[in-house]
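# Coordinate inspection notes
Read off the chains here:
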Amino acid sequence: MSVATDLLTSVPPAVPVLLVALVAGFLDRRVSYALGALATAYVFVVSLIVPSGEYLPTLFLGFEAQPYVVDDFSRLLGLAFGFLGTAAMAYAASSGLPRSTLALVLSYVGSVVGVIFAGDWLTLLFFWELMAVTSTLVVWAYGGDAVRAGYRYAIAHGIGGVLVLWAVAWHYVETGSVVIDGSGIAAGAPALLAALGIGINCAFIGLHTWLPDTYPRPHIAASVFLSVFTTKSSAYVLYQAFPEGQLYLAYMGGLMAVYGATFALLQHDMRALLSYHIQAQVGYIVAGIGIGSVMGVAGAMAHLFNNVLFKALLFMAVGVIIYRTGEEDLYELGGLWREMPITAVGYALGALSITAIPGFNGFISKGMILDAADPHYYGAPEYQALYWLLMAGAIGTLLSFIKLGYYAFLHGPATTAVKDAKLGHSVGMLSVGGACLGLGIAWPTLVGLLPYSAKLKLHPYSTGHLIDAGLLLLVALVGFVLIRKPLSGLGHVDDVSRVLNPLVYRTGRLSMLAVTETFRAVDAAAVSFVRTCYWIGNNPVVAVGRLARRLPSWLVGDFRPADGGDPSAGSGSSSNRQFDGGEPMDEPAARNDDTPSRLYLRASIGTTILLVVLVLTALLILLL
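Attention here is on the structure that accompanies the text. (Residues numbered from 1 in each chain as written. Predicted model: local features only at pLDDT ≥ 70, side-chain atom pairs only at ≥ 80, totals over all residues. Heavy atoms only, no water.)

## Considering the overall build of the protein
Test applied: Strands here mean DSSP runs of E at least two residues long; helices mean DSSP runs of H or I at least four residues long; both are numbered from the N terminus. Between the two quantities, the radius of gyration covers C-alpha atoms and the globule rule is 2.2 Å times the number of residues to the power 0.38. Relative accessibility decides the category of a residue: with a 1.4 Å probe and only protein chains considered, values under 20% of the type maximum give buried, values over 50% give exposed, and everything between is partly exposed. Whether two residues are in contact is decided by their heavy atoms: any pair within 4.5 Å suffices. Each accessible area value is a Shrake-Rupley result obtained with a 1.4 Å probe; residue values ignore everything except the protein chains displayed when judging cover. For the purpose of charge, His is not counted, nor are the chain termini; Lys and Arg are scored as positive and Asp and Glu as negative. One atom stands in for each charge, and that atom is NZ of Lys, CZ of Arg, CG of Asp or CD of Glu.
Secondary structure summary: the protein contains 23 helices and six strands in total. Taken against the 2.2 N^0.38 rule, which gives 25 Å for 624 residues, the C-alpha radius of gyration of the protein at 35 Å runs more than 25% over that of a compact globule. Referenced to the eigenvectors of the C-alpha coordinate spread, the extents of the protein come out at roughly 120 × 55 × 55 Å. Burial analysis of the protein (624 residues in total) assigns 51% to the buried set. Taking the intrachain contacts of the protein between residues at least 6 apart in sequence as the baseline, contacts between residues at least 24 apart amount to 79%. With the model as given, the accessible surface of the protein reaches about 27,400 Å², and the carbon-plus-sulfur share is 68%. Both charge centroids of the protein, one from 33 positive and one from 37 negative side chains, sit 8 Å from each other.

If you want it as structure tokens, here you go:
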């Protein structure tokens, strides 16, 4: 290897990004952004140049750790994240993202890069948890409504991290290894825990409410990063856990495609619409992973790569609209293509890509997943229903982006006279949009980057595929004409978040109260016990006297004066006077102020022995 390659193999790609994150908040703003762009470009260069292999292996607490592994999968994701990260830096610089938030964003990007290059489950877990913490801080940094959304986000990802941790621990018990060796997570309980934990990050239905709740709220530039890094890296981790696929994962992906597209179509908020489409497009990726065939996995990875590009591009275009108009509601816009032609072009490139129009990258990758599910191509009979779910999701996607483009750019006159994208915005959007178009036309380049590329025989622009794409577009155009007015009359439509978010809040509150109140009760009991023991140690005779008064009369007799006088006599009787240590003391008064009296047992020796035997028998039973 050359000197340059040796250097690249000795510095894991996450390290420069995390180092820049540490200093970005203290440097000049332009310097911070320049270093951020160089650090993300380093990820791209490593992915492009470094040969496949395991670098910097070590032992950590007796475990075999592989923090830096390059293979076909990590290379593909590194290229996508590195390229997008550099373009997004230019976009963020023009969007007014503060340096403090930039530092958090870079720490988030670095943690994601650590996840995709990890070769063992412990390293992956470390960066997985760092990803959850840093992404939460990115959300919180914007303040306002983002703070509460960030708390809900933190709860969801905290639960997911714990589930994945349990899965890895159980996997180690079952296999004795934490190395990611291509065999996946251990079957049974570890697999179930992994599916649930990773499923939260992938936005499985019912575990997804954090996504549309969170991503519309941070800074517009922060949303660009958030929209692609967590869900896509988590989909890759899902593949690592289930490399052979699972039928239930495939159908979960199909349902996600339909569910996400349906609720996206019902949204007014532009970033909420795009957030639901994150769930829908990750659904296609999950479906390909679940199918588990060569075509399914390669299609899933291709769609993951493409989704990083066109999803970020769409958030960029919508972010520019919000930046220039201050408006989040789609129905308050209109005619912006006249005032914002560059933004309109950026949106069009992203929309044509995500809707799988021929000539764009989404057409290649989505077509691969559909072919993997279609029994008439590469799919097994059990995936017939999945194929139709994915087709329904494709129609929903077309409807959603026809709606967004129509109301934002085409419908009516321009809302206000606004400026178009700034230079950094334009550079970010057009560079990513150009990649979407270029990979759709020069599709063999995309296929050459994929795992199992040598085994793939693709004909994406065959007559059958083009006819299918034309029919889908026609159905969507006619459908939009029919549903446009009813859709515009709908108010805000909640999904299961209406139930789940309050449930999570109340459950979290009750759990917190249960923990804190239990701690308070235990603390009070412990303090009381220590005080009691201290008092008994200082007043043993008085303590015995107090205990004796609570014992039944058949066991302990009443107090009697030393001279045998009547204890019931009045306090004025001389017979109630006794001397203890030379000092006279009145017996009734002594009983009131805890001064000890002489006691005697009523119980016979036989009764005493019986009680001792019963106590010892009870202790023996408890010990056994």
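## Details of empty space enclosed by the protein
Threshold: For each structure, a 1 Å grid was placed over the protein atoms alone; sets of points admitting a 1.4 Å probe that cannot get out are labelled cavities, open sets with protein on both sides within 12 Å along at least five of seven lines are labelled pockets, and lining residues have an atom within 4 Å of a point. Grid points are joined across faces, edges and corners, and a volume is the space filled by probe spheres set on the points. Under the convention adopted here, Pro, Cys and the residues Ala, Val, Leu, Ile, Met, Phe, Trp and Tyr are nonpolar, Asp, Glu, Lys and Arg are charged, and Gly plus all remaining residues are polar.
Tallied over the full model, the rule gives one cavity of 30 Å³ or more. The calculated volume of the largest cavity comes to roughly 240 Å³. Along its surface, the largest cavity is lined by 19 residues, and Leu370, His465, Asp468, Ala469 and Leu472 are the ones closest to its centre. Mapped onto the lining of the largest cavity, the elements with two or more residues apiece are helix H15 (361–373), helix H16 (384–410) and helix H19 (463–488). Its residues placed into classes, the lining of the largest cavity shows 12 nonpolar, three polar and four charged.

## Details of the pattern of salt bridges
Here is the rule: The salt bridge criterion pairs a side-chain nitrogen of Lys or Arg with a carboxyl oxygen of Asp or Glu, the two atoms within 4 Å.
Applying the stated criterion across every chain, the model contains five salt bridges. Where Arg152 meets Asp213, a salt bridge forms, and the shortest distance between an N and an O atom there is 2.7 Å. Of this pair, Arg152 sits in helix H7 (residues 145–175) while Asp213 is found in helix H9 (residues 210–214), placing the two residues 61 residues apart along the sequence. Residue class for Arg152 comes out partly exposed when judged on its relative accessible area of 28%. The exposure class assigned to Asp213 is buried, which follows from its relative accessible area of 9%. Glu517 serves as the salt-bridge partner of Arg520, at 3.2 Å between the closest nitrogen and oxygen. Of this pair, Arg520 and Glu517 both sit in helix H20 (residues 497–538), three residues apart, which is roughly one turn of that helix. Given a relative accessible area of 41%, Glu517 falls into the partly exposed group.

## So, the packing of helix H1 (residues 3–10) against helix H3 (residues 29–49)
Rules: Here an axis means a line fitted to C-alpha atoms, over the contact stretch when the element is a helix, while the angle between two N-to-C directions is reported on a 0 to 180 degree scale. In this scheme the handedness of a crossing depends on how the near helix is turned from the far one: anticlockwise by less than a right angle means left-handed, clockwise means right-handed.
Between H1 and H3, the shortest axis-to-axis distance is 10 Å and the interhelical angle comes to 115 degrees. Remark: the crossing between H1 and H3 carries left-handed chirality. Seen from H1, the contacting residues are Thr5, Leu7 and Leu8; seen from H3, they are Tyr42, Val45, Val46 and Ile49. Looking at the contact of H1 with H3 residue by residue, the classes come out as six nonpolar, one polar and no charged.

## A short note on the layout of surface pockets
The space that makes up the largest pocket amounts to roughly 580 Å³. Considering the residues around the largest pocket, the lining is formed by 32 residues, among which Pro212, Asp213, Pro216, Arg217 and Asp269 are closest to the centre. Elements with a contribution of two residues or more to the lining of the largest pocket: H7, H9, helix H12 (270–291), helix H13 (294–325) and H20. It is H20 that contributes the most residues to the lining of the largest pocket, four residues altogether. Its residues placed into classes, the lining of the largest pocket shows 12 nonpolar, 11 polar and nine charged.

## Considering unusual backbone geometry
If you check the backbone angles, Ala203 has positive phi at about 70 degrees while not being a glycine. The residue Ala203 is located in the loop between helix H8 (189–202) and H9 in this model. You can call Ala203 buried: its relative accessible area is 0%. Unusually for a residue other than glycine, Tyr452 sits at a positive phi of about 65 degrees. Taking the relative accessible area as the measure of exposure, Tyr452 reaches 30% and is therefore partly exposed.

## Observations regarding the packing of aromatic side chains
Where we set the bar: Ring pairs shown here join Phe, Tyr and Trp side chains whose ring centres sit within 6.5 Å, with only the six-membered ring taken for Trp; geometry is labelled stacked below 30 degrees between planes, edge-to-face above 60, and tilted in between. Two conditions define a charge sitting above a ring: the NZ of Lys or the CZ of Arg must be within 6 Å of the ring centre, and it must be within 35 degrees of the ring normal.
One pass over the full model with this rule turns up 21 aromatic pairs. Judged by centre distance (5.1 Å) and plane angle (70 degrees), the ring pair of Phe63 and Tyr172 falls under edge-to-face. Here Tyr172 lies in helix H7 and Phe63 lies in strand E3 (residues 63–65), a separation of 109 residues in the sequence. Taking the relative accessible area as the measure of exposure, Tyr172 reaches 34% and is therefore partly exposed. Where Tyr406 meets Phe480, the ring centres are 5.7 Å apart and the plane angle is 70 degrees; that geometry is what we call edge-to-face. Here the residue Tyr406 occupies a position in helix H16, and Phe480 occupies one in helix H19, the gap between them amounting to 74 residues. Among the residues examined, Tyr406 registers a relative accessible area of 23% and is labelled partly exposed. Residue Phe480 is classed as buried on the basis of its relative accessible area, which comes to 6%. What links up through ring pairs into an aromatic cluster is the set Phe73, Tyr236, Tyr239 and Tyr452. One cation-aromatic arrangement involves Lys366 over Tyr284; the distance from NZ or CZ to the ring centre is 4.7 Å.

## Looking at the environment of Gly335
As for its position among the elements, Gly335 is in the loop between H13 and helix H14 (341–354). Among the residues examined, Gly335 registers a relative accessible area of 0% and is labelled buried. Counting along the chain gives 72 residues from Gly335 to Tyr407, while the straight-line C-alpha distance between them is 7.7 Å.

## Here's the deal with the side chain of Gln66
Defined as follows: Polar contacts here mean pairs of N or O atoms no more than 3.5 Å apart (in protein, one a potential hydrogen donor and the other a potential acceptor; neighbouring residues in sequence count only if both atoms are side-chain atoms).
With respect to the helices and strands, Gln66 occurs in the loop between E3 and strand E4 (68–70). Classification of Gln66 by relative accessible area gives buried; the value is 6%. Within the structure, Gln66 has its side chain in polar contact with the side chain of Glu64 (distance 3.4 Å). Once residues within four sequence positions are removed from consideration, Gln66 is found in contact with Glu54, Phe117, Ala118, Gly119, Asp120, Thr123 and Val179.

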